[in-house]
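Here is what each chain is made of, one letter per residue.
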Amino acid sequence: MGFARACSVALVGVDGVVVEVQADLEPGVAAFTLVGLPDKTLVESRDRVRAAVVNSGAAWPQKKLTVGLSPASVPKAGAHFDLAVAAAVLGAAEVVDPDAIADLVLIGELGLDGRVRPVRGILPAVVAAAEAGYRQVVVPRQCAAEAALVPEVAVLGVGSLRQLIAVLTDAPVPEEDPPDGEGRPDPMLAGLLLPGAGLGTGLARGAEDAPDFPDLADVAGQHGARRALEVAASGGHHLFLNGPPGAGKTMLAERLPWILPPLTRQDSLEVTAVHSVAGILPPGEPLVSRPPYCAPHHSATMQSLVGGGAGVPRPGAVSLAHRGVLFLDEAAEFSSKVLDALRQPLESGHVVIARAAGVVRLPARFLMVLAANPCPCGRHTLQGSGCECPSSVIRRYQARLSGPLLDRVDLRVVVEPVTRSDLLGRGGRGEGTRAVADRVREARERAAARYAGTPWRLNAEVPGHELRTRWPAGPGALAQAERDLERGLLTARGMDRVLRVAWTVADLRGRDRPDALDAAVALELRTGIARGAASAIGAGP
């Protein structure tokens, strides 16, 4: 009788659980039994592993083989267990030393010819292995750079099962044939990156020196909306752009990720883990350094927006936009239930999804931008436009964005139609992305220095009670906001958000704490009622 064990990782959302893969050989009729709550993909690994072992030059044991995945109570899905199953079987058959694989974490899918194919979720899997105390992992060669992002873990990238056997038996490591044809994509990467992954599905493409770089100076006019965009980026405040079609709402939202500072190391690892699990991490770019940008279509379902699906829940758009921007264009066209499902992640910064397969907690701390027209035809606010929408239709259309959802939006801006002089450039071009990004970075540095030693980094994250007690505003700064609260024009949550925006405006102006002008700007951006103060921030045309 032979016995051996190896380790792999089961992914539950973006968290990993180390799974012990045990192989047991007993005399009897040759059979291969896989137990431990596997899914259909994992059950099929029996045929893949058998063919891969035989085609790698090793003898398949002609005995009764039982492979157990422990703990058995954890659901296991995916083909990335193949490499660990093959190693455990070879260890039980004494082709390799069982002690050499006992504390080895192996992740990878096997082809029938023995090649090791890359899989999704390498980074969170290796992080889970490191947190469990394992220090050696074996991954597909194409994923070695992603696995190497985890410190204090020795990573071995292999291209085939033959190479792994050679490493474990101290034999010469064979070279694998390169892909046929230079310049062609590696066929081993097929299926790793989901089709259609790109702008709008998670990662913002391009670079600051690229010819199609989305420069903020390309937006004609909209000086008030540009200032609101700067405030949103500086403090992490949610933004609502309301205006007629063609005014530039989408252009503004697409340029927001580029005025945000680059991600910190910890944020990069969090974002990379989510995108790796979702299958939209581009090959050759193991670490995401820019804030992601996700813009789902208004026909998106609740599962695609907040996460879910059959079996183990998968990340949705709110998680793909983690530490970045979630843009909901034509927000009034989204389902009301879908929009209201955003209330919890907007407050907590994460999504908890309960399914029959288990409960998953996914990160979802994003900057939300809503864009909507004032009515179904979009011409309600235009003078002489000929809007024929009945008032009842307009009310129903605007009511699709519920009050509780809008109460969580800090900035509400009416985007005016572009004038002829702005479109022809007679008023001069606005500031470019780099100039605005510099001011945003300086404002965030002031906030980070103020909140050093606390769990918060942005003004939008700080609870209102903490702002009122530990970092109070200047004398009489909130007098006008307090009057609006007494009149019922502001809720208690709205009052806290006005205070947060006031701190962001003060950071942009380089002040130690908000004064009456900063609070007036915040109140104007919150209510949309002009108070003659918004020109105090940013720069003009």
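Please refer to the structure placed before this passage.
Residues numbered from 1 in each chain as written. Predicted model: local features only at pLDDT ≥ 70, side-chain atom pairs only at ≥ 80, totals over all residues. Heavy atoms only, no water.

Details of the overall build of the protein
Then, in step 1: Helix and strand counts for the protein come out as 22 helices and 17 strands.
Then, in step 2: With 541 residues in all, the protein has 51% of them scored as buried.
Then, in step 3: When contacts within the protein are restricted to residue pairs at least 6 apart in sequence, those whose partners lie at least 24 apart make up 72%.
Then, in step 4: Only carbon and sulfur atoms are counted for the fraction: they give 52% of the accessible area of the protein, which is about 23,400 Å². (Helix = DSSP H or I, 4+ residues; strand = E, 2+ residues; numbered from the N terminus. Buried < 20%, exposed > 50% of the residue type's maximum accessible area, 1.4 Å probe, protein only. Contact = heavy atoms within 4.5 Å. Areas by Shrake-Rupley, 256 points an atom, 1.4 Å probe, with all protein chains shown as cover.)

As for the environment of Ala-52
Then, in step 1: Looking at the secondary structure, you find Ala-52 in helix H2 (residues 45-55).
Then, in step 2: Filtering out sequence-adjacent residues up to four positions away, Ala-52 remains in contact with Leu-110, Gly-111, Leu-112, Gly-114 and Leu-161.

Looking at the nonpolar core
Then, in step 1: In terms of nonpolar packing, the biggest core is built from 58 residues, with Leu-326, Leu-328, Leu-342 and Met-368 touching the most fellow members.
Then, in step 2: When residues of this core are assigned to their parent elements, the largest contribution, 7 residues, is made by helix H5 (residues 122-131).
Then, in step 3: Once you skip the residues sitting within four places of it in the chain, Leu-342 turns out to touch Leu-305, Val-306, Val-318, Leu-326, Leu-328, Met-368 and Leu-405.
Then, in step 4: Grouped together as the second largest cluster of nonpolar side chains are 53 residues, Val-219, Phe-327, Val-505 and Ala-522 included. (Core = buried A, V, L, I, M, F, W, Y, C linked by side-chain atoms within 4.5 Å.)

Some words on the environment of Ala-154
Then, in step 1: Among the structural elements, Ala-154 can be located in strand E9 (residues 154-158).
Then, in step 2: Residue Ala-154 is classed as partly exposed on the basis of its relative accessible area of 43%.
Then, in step 3: Those residues in contact with Ala-154, other than ones at most four positions away along the chain, are Arg-135, Gln-136 and Val-137.

Details of helix H10 (residues 265-278)
Then, in step 1: For H10, built from 14 residues, the straight-helix expectation of 20 Å at 1.5 Å per residue is met to within 8% by its first-to-last C-alpha distance of 20 Å.
Then, in step 2: In terms of burial, H10 is largely enclosed, as 10 of its 14 residues are buried.
Then, in step 3: Buried within H10 we find Asp-267, Ser-268, Val-271, Thr-272, Ala-273, Val-274, His-275, Ser-276, Val-277 and Ala-278.
Then, in step 4: At the exit of H10 stands Gly-279, carrying a positive phi of roughly 80 degrees. (Expected span 1.5 Å × (residues − 1).)

Regarding a nonpolar patch on the surface
Then, in step 1: Together, Leu-156, Val-167 and Val-173 make up an exposed nonpolar region whose accessible area comes to about 200 Å².
Then, in step 2: Among the secondary structure elements, Val-167 is positioned in helix H7 (residues 161-168).
Then, in step 3: According to the relative accessible area criterion, Val-167 is partly exposed, its value standing at 34%. (Patch = residues over 30% accessible without salt bridge, like charges linked within 9 Å, V, L, I, M, F, W, Y side chains within 5 Å. Salt bridge = Lys/Arg side-chain N within 4 Å of Asp/Glu carboxyl O.)

Let's talk about the packing of helix H8 (residues 223-235) against helix H18 (residues 433-450)
Then, in step 1: Running from N to C, H8 and H18 point in directions that differ by 40 degrees, and their axes come no closer than 8 Å. In terms of orientation, H8 and H18 fall into the oblique class. Judged by the sense of rotation from one axis to the other, the crossing of H8 with H18 is right-handed. Residues Glu-230, Ala-233 and Ser-234 of H8 form the contact with H18, whose participating residues are Val-436, Arg-439, Val-440, Ala-443 and Arg-444.
Then, in step 2: For the contact of H8 with H18, the per-class residue count stands at 4 nonpolar, 1 polar and 3 charged. (Axes fitted to C-alpha atoms, helices over the stretch in contact; angles between N-to-C directions. Parallel < 35°, antiparallel > 145°, perpendicular 65-115°, else oblique. Left-handed = near helix turned anticlockwise from the far one by under 90°. Nonpolar A, V, L, I, M, F, W, Y, C, P; charged D, E, K, R; others polar.)

Quick look at H8
Then, in step 1: End to end, H8 covers 19 Å across 13 residues, agreeing with the expected 18 Å (1.5 Å per residue, within 8%).
Then, in step 2: Taking burial as the measure, the 13 residues of H8 include 11 buried ones, the bulk of the element.
Then, in step 3: Of the positions making up H8, those classed as buried are Ala-225, Arg-226, Arg-227, Ala-228, Leu-229, Glu-230, Val-231, Ala-232, Ala-233, Ser-234 and Gly-235.
Then, in step 4: A positive backbone phi angle near 75 degrees is found at Gly-236, which sits one or two residues after H8.

Focus: the packing of H8 against helix H9 (residues 249-259)
Then, in step 1: Here H8 crosses H9 at 40 degrees, and the two axes come no closer than 10 Å. Here H8 lies oblique to H9, going by the angle between them. In terms of crossing hand, the pair formed by H8 and H9 is right-handed. For the pair formed by H8 and H9, the contact residues are Ala-225, Arg-226, Leu-229, Glu-230 and Ala-233 on the first element and Leu-252, Leu-256 and Ile-259 on the second.
Then, in step 2: Of the residues that constitute the contact of H8 with H9, the class distribution is 6 nonpolar, no polar and 2 charged.

Side note on unusual backbone geometry
Then, in step 1: Cis peptide bonds are those with omega within 30 degrees of zero, and the linkage from Ser-70 to Pro-71 qualifies with 5 degrees.
Then, in step 2: Structurally, Pro-71 is set in the loop between strand E4 (64-70) and helix H3 (82-92).
Then, in step 3: Notably, Glu-152 is not glycine yet its phi reads approximately 60 degrees, a positive angle.
Then, in step 4: Considering the arrangement of structural elements, one finds Glu-152 in the loop between helix H6 (144-147) and E9.

So, the pairing of strand E13 (residues 325-328)
Then, in step 1: Of the two faces of E13, the one holding Val-325 and Phe-327 and the one holding Leu-326 and Leu-328 are both buried throughout.
Then, in step 2: Note that strand E12 (residues 293-294) and E13 share 2 bridges and pair parallel. Bridge assignment links Tyr-293 to a residue of E13, and that residue is Val-325.
Then, in step 3: As judged from the 4 bridges shared by E13 and strand E16 (residues 367-372), these two strands associate in the parallel manner. By the bridge assignment for E16, Val-325 is matched with Leu-367. (Pairing = 2+ DSSP bridges.)

Section: the packing of aromatic side chains
Then, in step 1: Under the counting rule described, the total for this entry stands at 4 aromatic pairs.
Then, in step 2: Between Tyr-451 and Trp-471, the ring centres sit 5.0 Å apart and the planes meet at 85 degrees, which makes this aromatic pair edge-to-face. Taken together, the positions of Tyr-451 in the loop between H18 and helix H19 (464-469) and Trp-471 in the loop between H19 and helix H20 (479-486) put the pair 20 residues apart, joining distant regions of the chain. Summarising the burial analysis for this pair, Tyr-451 and Trp-471 share the class buried.
Then, in step 3: Between the aromatic rings of Trp-456 and Trp-471, the centroid separation amounts to 6.5 Å while the plane-to-plane angle is 85 degrees, which identifies the pairing as edge-to-face. (Phe/Tyr/Trp six-rings, centres within 6.5 Å; stacked < 30°, edge-to-face > 60°.)

Some thoughts on the pattern of salt bridges
Then, in step 1: Within this structure, the stated rule accounts for 29 salt bridges.
Then, in step 2: A salt bridge links Asp-484 to Arg-487, with the shortest nitrogen-to-oxygen separation between them at 4.0 Å.
Then, in step 3: Three or more residues are tied together by salt bridges with common partners; here these are Glu-347, Asp-407, Arg-408, Asp-410, Arg-493, Arg-497 and Arg-526.

Re the environment of Ile-529
Then, in step 1: Topologically, Ile-529 is positioned in the segment after helix H22 (516-527).
Then, in step 2: The spacing of Ile-529 and Val-413 is 116 residues in sequence and 9.4 Å in space, taken between C-alpha atoms.

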